[in-house]
Amino acid sequence: MWWRIVFISLAYLLLGAHFLRFGQTEACIAYAIAPALLFIRATWVTRLLQLTLVLSAFLVWGTSAFEYVQMRILAEAPWYRLSIIMSSVVAFTLFAAWCGNGIVHSRSQRRIFN
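Throughout what follows, the structure given in this document is the object of discussion.

Turning next to the overall build of the protein. Scanning the protein from N- to C-terminus turns up four helices and zero strands. Along the protein, from the amino end to the carboxyl end, the secondary structure elements read α-α-α-α. Its C-alpha atoms put the protein at 65 × 25 × 20 Å along the principal axes. The buried share of the protein, taken over its 114 residues, is 35%. Counting contacts in the protein only where the partners sit at least 6 residues apart, residues at least 24 apart contribute 72% of the total. Summed over its atoms, the accessible surface of the protein is roughly 7600 Å², and 70% of this surface lies on carbon and sulfur atoms.

Attention now goes to the nonpolar core. Ranked by size, the top nonpolar core spans 25 residues in total, and within it Ile 8, Tyr 12, Leu 15, Leu 53, Trp 61 and Met 86 carry the most contacts. Looking at this core, the elements that each hand over two or more residues are helix 1 (2-21), helix 2 (25-33), helix 3 (43-74) and helix 4 (80-109).

Once that is clear, we can look at the environment of Met 1. When you line up the elements, Met 1 lands in the segment before helix 1. Look at Met 1 and you get partly exposed, because its relative accessible area is 30%. For the pair Met 1 and Ser 106, spaced 105 residues apart in sequence, the C-alpha separation works out to 7.9 Å.

Reading guide: rules and limits
Residues numbered from 1 in each chain as written. Predicted model: local features only at pLDDT ≥ 70, side-chain atom pairs only at ≥ 80, totals over all residues. Heavy atoms only, no water. Helix = DSSP H or I, 4+ residues; strand = E, 2+ residues; numbered from the N terminus. Buried < 20%, exposed > 50% of the residue type's maximum accessible area, 1.4 Å probe, protein only. Contact = heavy atoms within 4.5 Å. Areas by Shrake-Rupley, 256 points an atom, 1.4 Å probe, with all protein chains shown as cover. Core = buried A, V, L, I, M, F, W, Y, C linked by side-chain atoms within 4.5 Å.

Here it is in structure tokens:
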């Protein structure tokens, strides 16, 4: 289960670094601290983190990828590699969101008196 937490944390840190690049320090701090919510063992917290990752994959990475590729196309610069990289970042973020299902499942399987 530890590797799931690592993937989720890396996805949030990557999003935080994206916001820090544009000088949005508050959003960077929020995304960097968000994986600490995994210490709360409530299911709704993990689902909230998953929802945030899914929305960020499309709203943050999707729009950024579109804008970056459009800038490259307009500048007549190579854009294929950039599109592959950004697609990989979106896929990684969605994979990290999917990893939250394993955390919820393993927490629901634990019994107090085993």
